[in-house]
Amino acid sequence: MPKRRNFGSSAGRLALLHALAHIELNAIDLAWDITARFAGADLPRKFYDDWVGVAAEEAEHFALLADRLEMLGGCYGALPAHDGLWEAAAATATDLLARLAVVPLVLEARGLDVTPEMIEKLRRQDDSASVAALETIYREEVAHVAAGERWFRFECARRGLDPVETYRELVRRYHRGGLKPPFNRAARDKAGFAAAFYENV
Ligand SMILES: [Fe+2]
Ligand SMILES: [Fe+2]
């Protein structure tokens, strides 16, 4: 990768955009996976419609970031990427509640926590096109967390479980790294994801 050294300070930006593109690509797969994997779970049609909608938005997010990478002289696939999201998917493959707790309500909620800082970083580099892409992603991810919260509550109600207690237990079991404050309370509130779920887990 010697060419990348010529980008100087933009190497960090390419790495950031590449990491985000990788997350979005995994998010497409995760959204389709939840619709297909739990097809026999006797859920309302709206459950599947919601995640198909999420899959479409994740595909747009990936395309936004892949475009930015190419405009900056890079491309998706040029850098190595971690497999953490897919490992989370595999670990929660047999339980819808675990999947909802970990994917939308830990990982996507974490995205809401860290995105404003990334937007600021890109703004300082005067990269207004990347700022615009991340602002779109940030706005739409609120609805993904909201869908996660809604269906998590729905499934807890069906099983007669307390949603807050169940979430905290599933996070302890399936997300051993624990939750990382500080949380973006404003964005999480906007998604209807109450602090009682995630504070002091
Ligand atoms: Fe996304
Ligand atoms: Fe998402």
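**Remarks on the overall build of the protein**
Now for step 1: When helices and strands are counted, the protein shows nine helices and zero strands.
Now for step 2: A globule of 201 residues ought to have a C-alpha radius of gyration of about 17 Å, and the protein, at 17 Å, matches this closely.
Now for step 3: Dimensions of the protein, computed from C-alpha atoms along their principal axes, come out at roughly 60 × 35 × 25 Å.
Now for step 4: Considering only intrachain contacts with a sequence separation of at least 6, the fraction spanning at least 24 residues in the protein is 78%.
Now for step 5: Working note: accessible area of the protein is about 10,100 Å², and carbon and sulfur atoms make up 56% of it.
Now for step 6: Taking the average location of the 26 positive side-chain charges in the protein and that of its 30 negative ones, the two points are 4 Å from each other.

**Some thoughts on the confidence of the model for the protein**
Now for step 1: Summing up the model confidence of the protein, the mean pLDDT is 94 and the portion of residues at 70 or higher is 96%.
Now for step 2: Confidence drops under a pLDDT of 50 for residues 1-8, and excluding neighbours within four residues, the segment shows nine contacts in the predicted structure.

**Some thoughts on the packing of helix α6 (residues 128-159) against helix α7 (residues 163-174)**
When two helices pack together, their arrangement is given by the angle between their axes and by how far apart the axes lie.
Now for step 1: The contact between α6 and α7 brings their axes to 10 Å, and the two run at 105°. By the angle between their directions, the pair α6 and α7 is classed as roughly perpendicular. Across from Phe-152, Arg-153 and Cys-156 in α6, the residues of α7 making contact are Pro-163, Thr-166, Tyr-167 and Leu-170.
Now for step 2: When grouped by side-chain class, the residues that make up the contact of α6 with α7 number five nonpolar, one polar and one charged.

**Some words on unusual backbone geometry**
Now for step 1: Each neighbour pair has its own omega, and for Pro-181 with Pro-182 the value is 5°, a cis peptide bond.
Now for step 2: Looking at the secondary structure, you find Pro-182 in the loop between α7 and α8 (185-190).
Now for step 3: A positive phi angle, close to 55°, is found at Asp-42, a residue other than glycine.
Now for step 4: One non-glycine residue, Asn-200, lies in positive phi territory at about 55°.
Now for step 5: Tracing the chain through its elements places Asn-200 in the segment after α9 (195-198).

**Some thoughts on the nonpolar core**
Now for step 1: Grouped together as the largest cluster of nonpolar side chains are 35 residues, with contacts concentrated most on Phe-47, Trp-51, Phe-152, Tyr-167 and Phe-193.
Now for step 2: Mapped onto this core, the elements with two or more residues apiece are α2 (10-37), α3 (45-71), α5 (96-124), α6, α7 and α9.
Now for step 3: At nine residues, the largest contribution of residues to this core is made by α5.
Now for step 4: Those residues in contact with Trp-51 that lie beyond four places of it in its chain are Ala-31, Ile-34, Thr-35, Leu-100, Pro-104, His-144, Ala-147, Gly-148 and Trp-151.
Now for step 5: In terms of nonpolar packing, the next biggest core, distinct from the first, is built from 17 residues, Leu-14, Leu-16, Leu-72 and Ile-137 among them.

**Some words on the pattern of salt bridges**
Now for step 1: The final tally for this structure, using the stated rule, is 16 salt bridges.
Now for step 2: Notably, a salt bridge pairs Arg-150 with Asp-50, separated by 2.9 Å at the nearest N-O pair. A residue pair is termed long-range when its members are at least 10 positions apart, and Arg-150 in helix α6 and Asp-50 in helix α3 qualify at 100 residues.
Now for step 3: Linking Arg-185 and Asp-189 is a salt bridge whose minimum nitrogen-to-oxygen distance equals 3.5 Å. In this pair, Arg-185 and Asp-189 both sit in helix α8, four residues apart, roughly one turn of the helix.
Now for step 4: Owing to a relative accessible area of 45%, Arg-185 belongs among the partly exposed residues under this scheme.
Now for step 5: Look at Asp-189 and you get partly exposed, because its relative accessible area is 41%.

**Focus on the coordination of the iron ion (ligand 1)**
Now for step 1: Bound to the iron ion (ligand 1) on the protein side are Glu-24 (OE), Glu-24 (OE), Glu-58 (OE), His-61 (ND1) and Glu-141 (OE), at distances that span 1.9 to 2.8 Å.
Now for step 2: We note that the donor set of the iron ion (ligand 1) lies within a single chain, spaced as E-x33-E-x2-H-x79-E.

**A word on the coordination of the iron ion (ligand 2)**
Now for step 1: At this site the iron ion (ligand 2) is bound by Glu-58 (OE), Glu-108 (OE), Glu-141 (OE), Glu-141 (OE) and His-144 (ND1), with donor distances of 1.9 to 2.6 Å.
Now for step 2: For the iron ion (ligand 2), the donor residues sit on a single chain with the sequence spacing E-x49-E-x32-E-x2-H.
Now for step 3: Separating the iron ion (ligand 2) from the iron ion (ligand 1) is a gap of 3.6 Å, bridged by Glu-58, which donates to each. A residue pair is termed long-range when its members are at least 10 positions apart, and Glu-58 in helix α3 and His-144 in helix α6 qualify at 86 residues.
Now for step 4: On the basis of relative accessible area, His-144 is assigned to the buried category, the value being 1%.

Conventions used here
- Residues numbered from 1 in each chain as written.
- Chains lettered and ligands numbered in written order.
- Predicted model: local features only at pLDDT ≥ 70, side-chain atom pairs only at ≥ 80, totals over all residues.
- Heavy atoms only, no water.
- Helix = DSSP H or I, 4+ residues; strand = E, 2+ residues; numbered from the N terminus.
- Rg over C-alpha atoms; globule rule 2.2 N^0.38 Å.
- Contact = heavy atoms within 4.5 Å.
- Areas by Shrake-Rupley, 256 points an atom, 1.4 Å probe, with all protein chains shown as cover.
- Lys, Arg positive; Asp, Glu negative; His and termini not counted.
- Charge placed at Lys NZ, Arg CZ, Asp CG, Glu CD.
- pLDDT = per-residue confidence, 0-100.
- Axes fitted to C-alpha atoms, helices over the stretch in contact; angles between N-to-C directions.
- Parallel < 35°, antiparallel > 145°, perpendicular 65-115°, else oblique.
- Nonpolar A, V, L, I, M, F, W, Y, C, P; charged D, E, K, R; others polar.
- Core = buried A, V, L, I, M, F, W, Y, C linked by side-chain atoms within 4.5 Å.
- Buried < 20%, exposed > 50% of the residue type's maximum accessible area, 1.4 Å probe, protein only.
- Salt bridge = Lys/Arg side-chain N within 4 Å of Asp/Glu carboxyl O.
- Donors = N, O, S within 2.8 Å, 3.2 Å for Na, K, Ca; no water.

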